[in-house]
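Structural characterization, general
The chain contents come next:
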Amino acid sequence: MTEKMRGWGPATCALYTGETTRGVGEPVTPGPAMSASFLTHPDAVGFSANDLGAAAPHFYTRWSNPTVELLETRLAALEGGEAAVAFASGMAAVNALFSDRLASGDHLVLSDVCYAGVAELAQDTLVRSGIAVTTVDTSNPEAVAVALRPNTRLVHIETPANPILRLADVAEIARIVHAGGAELSVDATIATPLGLQPLALGADYVVHSLTKYICGHGDALGGAVIGGAERMAALRRGSLIHLGACLAPFQAWLILRGLETLVPRLRLHEANARAVEAFLADHPKVRAVHWPGSPRHPQHALAQRQMRAYSGLLAFSVHADGAALARRMAERMRVISYAVSLGKTKSLLVYIPTEDILRSSFRLTGAAAQSYRDWTGEGTFRFSVGLEDAADIIADLEEALG
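Let me begin by describing the structure that accompanies this report. (Residues numbered from 1 in each chain as written. Predicted model: local features only at pLDDT ≥ 70, side-chain atom pairs only at ≥ 80, totals over all residues. Heavy atoms only, no water.)

A few words on the sheet that holds strand β5 (residues 183–187). Picture the strands of a sheet paired through backbone hydrogen bonds; they go either parallel or antiparallel. Ordered in space as β1-β7-β6-β5-β4-β2-β3, the seven strands form an open sheet in which the pairing is mixed. A single partner strand is all that each edge strand has here, and the edge strands are β1 (83–87) and β3 (132–136). Each adjacent strand pair in this sheet contributes to an overall mean axis angle of 20 degrees, direction not counted. Pairing of strand β4 (residues 152–158) with β5, which is carried by five bridges, proceeds in the parallel orientation. Within β5, the position partnered with I157 by the bridge is V186. Contacts from helix α8 (residues 229–243) reach β1, β5, β6 (205–209) and β7 (223–227), with the element oriented near 25 degrees to β1. (Pairing = 2+ DSSP bridges. Helix = DSSP H or I, 4+ residues; strand = E, 2+ residues; numbered from the N terminus. Axes fitted to C-alpha atoms, helices over the stretch in contact; angles between N-to-C directions. Contact = heavy atoms within 4.5 Å.)

Right under this line is the structure:
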């Protein structure tokens, strides 16, 4: 980041960070660099990625690409990180980080509630690779401290946690993790860089699914890891180049387009979520509603302390027969779409039965399973509140809820 950029706010950073020249006749909005390879010279870059230097020019798009690099530069600026590495999806980013930092015999501590794909990756693939995995309720920092072992290399948390929006105290967990000789990665997809700054709170890595709020339009997959320059260079040489899950230039261009409007979009997402949360909190069929921006959230004080914005994702449960209600809502809703994912311009709602996710993804038993049930009841409605008029969203909900 240049000296000129250091005073910029996030909206300006999202538009201009990484821009190198502003010459007459140059496009205001550059197009994607679609080439798979770039002109080179025997003295410019080695043929092996193992010899890749920090100042190496673009050589092959699996290694780096001008459009992808621009996205990485802007993400690093928004997160206050030294560098970023972009990947083909959020799952690819998490998998790359785990592959880079963990080996057979190592130990991973993981949020017991997180994105289902990450939970399954850890408990299936990593375990088969000889990596021990312990899942804990990371809303309790002491549980993280108890889980640490001499061979713990990485603690991976998600806050707010998908799908129930439970929070973790990043600064306190970072202190505990570093005292134990491990590193901390934080998936802040739901919060976005505008809502949470994990690196400033002591985390070593921050992970995003770019598919969600950062893209914002639901038309491109992507993921990223942001951290220190040396660590990101190693991640690029190893996991990105050798595992091959690079972000395509056109996808990066679509995500850059979405990133330009992240600040105004998130303001409207949040305003709509606030109105919808208030409506749901008073609805007779609703058992509980969770949104970090509401005083009704049990960890609202922590949200106020570590978050700057709360995004537009909320979760709610009902008193009875959530599965039947989900079917009725899917058939009745006209503004809200019954669909997976989150952070899109349009409102998305999906029902996640408690027993299904406990069995298939989280695999919680005993007190941990009961804690999840206490939060969700028989199931969670994950509701990504979109950019429609709030009154129309609420009217659609009211009609669908019956």
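Still to come is the rest of the account.
The next thing to look at is the pairing of β4. Counting buried positions along β4 gives six out of seven residues, so the element sits mostly inside the fold. Here strand β2 (residues 107–111) runs beside β4; their pairing, made up of four bridges, is parallel. Bridge assignment links H107 to a residue of β4, and that residue is T152. With helix α6 (residues 170–179) bridging β4 and its parallel neighbour β5, the resulting β-α-β unit is right-handed. (Buried < 20%, exposed > 50% of the residue type's maximum accessible area, 1.4 Å probe, protein only. Right-handed = clockwise from strand over helix to strand, strands pointing away.)

Among the secondary structure elements, D112 is positioned in the loop between β2 and α4 (116–128). Residue class for D112 comes out buried when judged on its relative accessible area of 7%. There is a polar contact of 3.5 Å between the side chain of D112 and the backbone nitrogen of D137. Among all residues touching D112, those that are not within four sequence positions of it are T135, V136, D137, R166, F362, L364 and A368. (Polar contact = N/O pair within 3.5 Å; in protein donor to acceptor, adjacent residues only side chain to side chain.)

This is a description of form; function is not addressed.
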